[in-house]
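Structural characterization, general
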Amino acid sequence: MVDIHSHFLHGIDDGARTVEDSRQMVRMAREHGTTVLVASPHADSQYRYEPEVVDRLLAEARAEAPEGIRLVRACDFHLMYDNVEDALRHPSRYTIDGKCYLLMELSDLTIFANTSALWTRLEEAGMRIILTHPERNPLLRQRLELIEEWVSQGRYMQVTASSLLGLFGPKALHFSRQLLDRGLAHFVASDAHDLRGRPPRLDQAFEWLSRYYTPKLARLLCIEHPAAVVEGRPLDLASFPPSAEVKKSSLLGRFFRSNGGN
Ligand SMILES: [Fe+2]
């Protein structure tokens, strides 16, 4: 699996605290089936993002990493003026592996009226927007139509693995399902911050998707789409979401309804 969003590098944001935590997070990811792990430290007003520092930490992490896992640089790009201006001048400082995709985080407190216009400027400079964890944003949870509009304009949505497991609460889970049901979720990523509360694992979400949706959707969201992103390729959305397969969740729902359950 390919995990495009995590905070496993230590000492630069609210992710891993020590170098040992960082090493163990990489090991945990590998042990649970991740073969590419993207380091995406915060780039916001609280945490200064310095690609040179990230590259140095990544080189150290690669030297310690187990076989079979590739570590890649990106950032968790908060939508703010300074970030946008610098990204327009130096896109590859911010994008995933210096290619075209940018992990975009919005404020929990407000949705700027010019959000789409700012994204268009970034897109005109060659970047592609992946909005991170809309299901955890209370404002976006009330604006499904806005997410539909953004997706129709070619923006992508990343849902958090642990949201699917209910660990961000019932509202985040419910909204994640709305996104999945409508084909508005393109990626699942861990957004890992530590070993316990927010671990670098996609395997449980993969199983959850296979069980409640389809194995095909699990592969698209955890493997194929994120792999395309890391390689800088366009996503193949010609037959997305894979509607040919009947969702197991709706089959189960029908079974329980026909048997008098809720
Ligand atoms: Fe993050």
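Please read these numbers as outputs of a predicted model, since none were measured by experiment.

**A word on the overall build of the protein**
Across its full length, the protein carries 10 helices and 9 strands. Taking 2.2 N^0.38 as the reference for a compact globule, 262 residues should give roughly 18 Å; the C-alpha atoms of the protein span a radius of gyration of 18 Å, in line with that estimate. Overall size of the protein, expressed as C-alpha extent along the three principal axes, is 60 × 40 × 30 Å. In the protein, which comprises 262 residues, the share counted as buried stands at 40%.

**Some details on the confidence of the model for the protein**
Residues at a pLDDT of 70 or more form 93% of the protein, whose mean pLDDT is 94. Predicted confidence in the protein is weakest over helix α10 (residues 248–258), with a mean pLDDT of 49, and strongest over strand β1 (residues 2–3), with 99. Per-residue pLDDT stays below 50 along residues 253–262; that stretch engages in 2 contacts with residues further than four places along the chain or on separate chains.

**Describing helix α8 (residues 203–212)**
Taken together, the buried positions of α8 are Ala205, Phe206 and Leu209. Mapping the buried residues of α8 onto a view down its axis gives an arc of 105 degrees, with all of them on the same face.

**So, the nonpolar core**
By size, the foremost hydrophobic cluster in this structure holds 66 residues, and its most contacted members are Leu102, Ile129, Ile130, Val188 and Leu221. With 7 residues, helix α9 (residues 215–231) is the single largest residue contributor to this core. The residues contacting Leu221, other than those within four sequence positions of it, are Ala185, His186, Phe187, Val188 and Leu209.

**So, the packing of α8 against α9**
Relative placement of two packed helices is described by the angle separating their axes and the distance separating the axes. Relative to each other, α8 and α9 sit at 145 degrees, their axes nearing to 7 Å. Along this stretch, α8 crosses α9, giving a crossing that reads as right-handed. Contact residues: Ala205, Phe206, Leu209 and Ser210 in α8; Pro215, Leu217, Ala218, Leu221 and Cys222 in α9. Partitioned by chemical class, the residues of the contact of α8 with α9 number 8 nonpolar, 1 polar and no charged.

**Observations regarding the sheet that holds strand β3 (residues 42–43)**
What the 6 strands build is an open sheet, ordered β3-β5-β6-β7-β8-β9; its pairing is parallel. Where the open sheet ends on each side, the last strands, each with one partner, are β3 and β9 (187–189). By the bridge criterion, 3 bridges tie strand β8 (residues 156–160) to β9 in an arrangement that is parallel. Each bridged residue has a counterpart across the sheet, and for Gln158 the counterpart in β9 is Phe187.

**Quick word on the packing of helix α3 (residues 81–89) against helix α4 (residues 115–124)**
In the contact formed by α3 and α4, the axes pass within 9 Å of each other and the chain directions differ by 20 degrees. It follows that α3 is roughly parallel to α4 by the angle criterion. Viewed along their axes, α3 and α4 form a crossing whose handedness is left-handed. Across the interface between the two elements, Val84, Ala87 and Leu88 of α3 pack against Leu118, Arg121 and Leu122 of α4. The class makeup of the residues in the contact of α3 with α4 is 5 nonpolar, no polar and 1 charged.

**Some words on the sheet that holds strand β2 (residues 36–39)**
The strands that make up a sheet are held in pairs by hydrogen bonds between backbone atoms, and each pair lies either parallel or antiparallel. The parallel open sheet is built from 3 strands, whose spatial order is β1-β2-β4. With one partner strand each, in any of the chains shown, β1 and β4 (70–73) form the two edges of the open sheet. Across the sheet, helix α2 (residues 51–64) is in contact with β2 and β4; its angle to β4 comes to roughly 175 degrees.

**Details of the pairing of β4**
Taking every second residue as pointing to the same face, the buried face of β4 carries Leu71 and Arg73, while none of Arg70 and Val72 on the other face is buried. In this sheet, β4 lies alongside β2 in parallel orientation, the contact comprising 4 bridges. Paired with Val38 across the two strands is Val72, which belongs to β4.

**Some details on the pairing of β2**
Of the two faces of β2, the one carrying Val36 and Val38 and the one carrying Leu37 and Ala39 are both buried. Note that β1 and β2 share 2 bridges and pair parallel. By the bridge assignment, Val2 is partnered in β2 with Val36. Viewed along the sheet, the connection from β1 through helix α1 (residues 19–31) into β2 turns out right-handed.

**A look at unusual backbone geometry**
The linkage connecting Phe240 with the following residue, Pro241, adopts the cis geometry, with an omega of 0 degrees. Structurally, the position occupied by Pro241 is in the loop between α9 and α10. One non-glycine residue with positive phi stands out, namely Asp97, at about 55 degrees. Tracing the sequence through the fold places Asp97 in the loop between α3 and β6 (101–105). When the 18 C-beta atoms within 10 Å are taken as the criterion, Asp97 is described as partly exposed. If you check the backbone angles, Asp191 has positive phi at about 50 degrees while not being a glycine. With respect to the element layout, Asp191 can be found in the loop between β9 and α8.

Rules and cut-offs
Residues numbered from 1 in each chain as written. Predicted model: local features only at pLDDT ≥ 70, side-chain atom pairs only at ≥ 80, totals over all residues. Helix = DSSP H or I, 4+ residues; strand = E, 2+ residues; numbered from the N terminus. Rg over C-alpha atoms; globule rule 2.2 N^0.38 Å. Buried ≥ 20, exposed ≤ 12 C-beta atoms within 10 Å, placed from the backbone. pLDDT = per-residue confidence, 0-100. Contact = placed C-beta atoms within 7 Å. Arc of directions from axis to C-beta. Core = buried A, V, L, I, M, F, W, Y, C linked by C-beta atoms within 7 Å. Axes fitted to C-alpha atoms, helices over the stretch in contact; angles between N-to-C directions. Left-handed = near helix turned anticlockwise from the far one by under 90°. Nonpolar A, V, L, I, M, F, W, Y, C, P; charged D, E, K, R; others polar. Pairing = 2+ DSSP bridges. Parallel < 35°, antiparallel > 145°, perpendicular 65-115°, else oblique. Right-handed = clockwise from strand over helix to strand, strands pointing away.

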